[in-house]
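Coordinate inspection notes
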Amino acid sequence: MKPFSLKNLQTLIQNRFISTSSNIQLQNSSSFSVEYLINSCGLSSKSALSTAQRLKLDQSKIQKSKLVLQLLKSNGFDDAHITKLVEVRPEILMCRVEGNLKPKFDYFAKNGCRGKLLSELMISSSDITRRSLNGQIKPTFEFFVELFGSVNDVVKASKRCPWLFHPDLENVLKPNVDMLVNEGVCMRNLGRSVLSNPRIIFQKPADIICGFNAVKKLGIDPKDPQFCTALRVLIQTSESILMKKMEVYKSLGWSEEEIMCMFRRNPNYLAYSEEKIRTGMDFFVNTVEVEREFVVAHPNLLTYSMDKMRRRYNILKALESKKLFKWDKRCVALLMSKNEKVFFKDYVVKYEKSVPGLLEMNQGTALADKLDI
């Protein structure tokens, strides 16, 4: 073992001093960032502590962040939107205003995306700050405005697909849309489908073509509003899972012809989980006691929330037990047709005093057997 020399001691002291000094600087920087995020950006203490790990602010950078905040406020961002944006993408505080943010904000404002819409777009698609204005943002934004028909819908789509401005426009998006429209798919129907689930046109063009041909073979016309839905289901669901879903329906008594007829009417029926399919069939056949054929003829029954259907069914049966209502198969429509406010007014408020506990049942806090159903 080497003897411990004076030189070793000096080195140890120097290294410890450097390490301690660096830690103090880091702590000071972190403390400054947290304080700034709380006082200037409205973050909570917990959020500021977390966000500060991704953002190292100090006095030398504070002027840049102040310019960013001024720009956001001048473009209609309210305090809540600024807070949310900084939480999602704190690096925006370090972006150049004149060379990055302002030209993009000016472009969006000129094209109808300003104030609340602009703030929501930036929060949902925060990587816009890293995209080229002329190379990516302009052509992609204009492409989606044409597809959806409005700026408002572009913002909606960005919330469902945060990387809306990232995909390859020329090699993926345009070829997919052009192919579908040229083959007879209505632009309006395609826009609605993409707005509901933007990922449908982010697939490889070869996969879109394959899916398109598969849907046509099933007998769905490209002009049919359900064509795009069927395309999405077939593209995003593997063949093995589709076959499994068909086996679930068959195990419940459906024929293959009935399944395909149902799919053509609403392709989403093959996208439901096995639990949703079985729960729905069990409720209508065994609880409501309608024939299986009735559900086959009205498959839209399976689209609704079973919790909501059970709650409404229990309320109507409670009224029947007090001779205030007569239940028959035609009443199945009441389980789904009336909106919540109308149903509440007509069947809960109206009979609340006659059937104690009805209000609690509507809120899901009482069981049907408490009302002697």
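Above this text is the structure in question.
1. Notes on the overall build of the protein
Within the protein, the regular secondary structure consists of 19 helices and 0 strands. Taken over 373 residues, the protein has a buried fraction of 44%. A separation threshold of at least 6 residues defines the contact pool for the protein, and within that pool the share at least 24 residues apart is 68%. In the form shown here, the protein has an accessible surface area of approximately 20,400 Å², with 52% of it arising from carbon and sulfur atoms.

2. Quick notes on unusual backbone geometry
In most cases, non-glycine residues show a negative phi, while peptide bonds are predominantly trans. Phi is positive for Glu289, close to 65°, though the residue is something other than glycine. For Glu289, the position within the fold is in the loop between α15 (274-287) and α16 (292-297). Of note in this structure, Lys323 is not a glycine but carries a positive phi near 60°.

3. Examining the packing of helix α9 (residues 169-182) against helix α11 (residues 205-217)
Describing two packed helices takes the angle between their axes plus the distance from one axis to the other. For the pair α9 and α11, interaxial distance at closest approach is 9 Å and the crossing angle is 20°. Considering their axes alone, α9 and α11 lie roughly parallel with respect to each other. Remark: the crossing between α9 and α11 carries right-handed chirality. On α11, the residues that touch Asn171, Val172, Pro175, Asn176, Met179 and Leu180 of α9 are Pro205, Ile208, Ile209 and Phe212. Across the contact of α9 with α11, the residue classes break down as 8 nonpolar, 2 polar and no charged.

4. Brief notes about the environment of Lys61
Along the polypeptide, Lys61 turns up in the loop between α2 (45-52) and α3 (62-74). For the pair formed by Lys61 and Met94, sequence separation is 33 residues and the distance between their alpha carbons is 7.6 Å. Beyond its immediate chain neighbours, meaning those up to four positions away, Lys61 contacts Lys56 and Met94.

5. Side note on the nonpolar core
Grouped burial of nonpolar side chains is what soluble globular proteins tend to show. Ranked by internal contacts, the top residues of the largest apolar core, which has 112 residues, are Phe144, Ile201, Tyr249 and Phe284. Those residues in contact with Phe144, other than ones at most four positions away along the chain, are Gly149, Val154, Leu164, Leu173, Ile201 and Phe202.

6. Digging into the state of the cysteines
For the structure shown, the criterion picks out 0 disulfides. We note that Cys228 lacks a disulfide partner, and the nearest cysteine sulfur, in Cys186, lies 8.5 Å from it.

7. Notes on the pattern of salt bridges
All chains considered together, the criterion is met by 16 salt bridges. Here Lys159 and Glu120 are joined by a salt bridge, their closest N and O atoms 3.3 Å apart. With Lys159 in helix α8 (residues 151-160) and Glu120 in helix α6 (residues 116-124), this residue pair connects regions lying 39 residues apart in the sequence. Judged by relative accessible area, Glu120 falls into the buried class, the value being 18%. For Arg312, the salt bridge goes to Glu340, with nearest N and O atoms at 3.2 Å.

8. Focus: the packing of aromatic side chains
Tallied over the entire structure, the rule returns 16 aromatic pairs. Centroid distance Trp163 to Phe202: 4.9 Å. Interplanar angle 45°. Geometry classified as tilted. Of this pair, Trp163 sits in the loop between α8 and α9 while Phe202 sits in the loop between α10 (187-196) and α11, placing them 39 residues apart in sequence. Members of the aromatic cluster, joined through ring pairs, are Tyr107, Phe108, Phe141 and Phe165. Here Lys276 stacks its cationic end above the ring of Tyr272, 5.3 Å away from the centre of that ring. If you follow Arg312 out to its NZ or CZ, it ends over the ring of Phe343, 4.4 Å from the centre.

9. Things to note about helix α18 (residues 340-349)
Within α18 the residues assigned to the buried category are Phe343, Tyr347 and Val348. In a view along the axis of α18, the buried residues occupy a sector of 85°, so they form one face of it. Turned more than 90 degrees away from the buried face of α18, the exposed residues are Lys341 and Lys345. Close packing links the buried residues of α18 with α17 (306-321) and α19 (358-362). Its side-chain oxygen 3.1 Å from the backbone nitrogen of Lys341, Asn339 forms the N-cap of α18.

The rules behind each value
- Residues numbered from 1 in each chain as written.
- Predicted model: local features only at pLDDT ≥ 70, side-chain atom pairs only at ≥ 80, totals over all residues.
- Heavy atoms only, no water.
- Helix = DSSP H or I, 4+ residues; strand = E, 2+ residues; numbered from the N terminus.
- Buried < 20%, exposed > 50% of the residue type's maximum accessible area, 1.4 Å probe, protein only.
- Contact = heavy atoms within 4.5 Å.
- Areas by Shrake-Rupley, 256 points an atom, 1.4 Å probe, with all protein chains shown as cover.
- Axes fitted to C-alpha atoms, helices over the stretch in contact; angles between N-to-C directions.
- Parallel < 35°, antiparallel > 145°, perpendicular 65-115°, else oblique.
- Left-handed = near helix turned anticlockwise from the far one by under 90°.
- Nonpolar A, V, L, I, M, F, W, Y, C, P; charged D, E, K, R; others polar.
- Core = buried A, V, L, I, M, F, W, Y, C linked by side-chain atoms within 4.5 Å.
- Disulfide = S-S within 2.5 Å.
- Salt bridge = Lys/Arg side-chain N within 4 Å of Asp/Glu carboxyl O.
- Phe/Tyr/Trp six-rings, centres within 6.5 Å; stacked < 30°, edge-to-face > 60°.
- Lys NZ or Arg CZ within 6 Å of the ring centre and 35° of its normal.
- Arc of directions from axis to C-beta.
- Polar contact = N/O pair within 3.5 Å; in protein donor to acceptor, adjacent residues only side chain to side chain.

Spatial relationships are all this shows, so hold off on functional conclusions.
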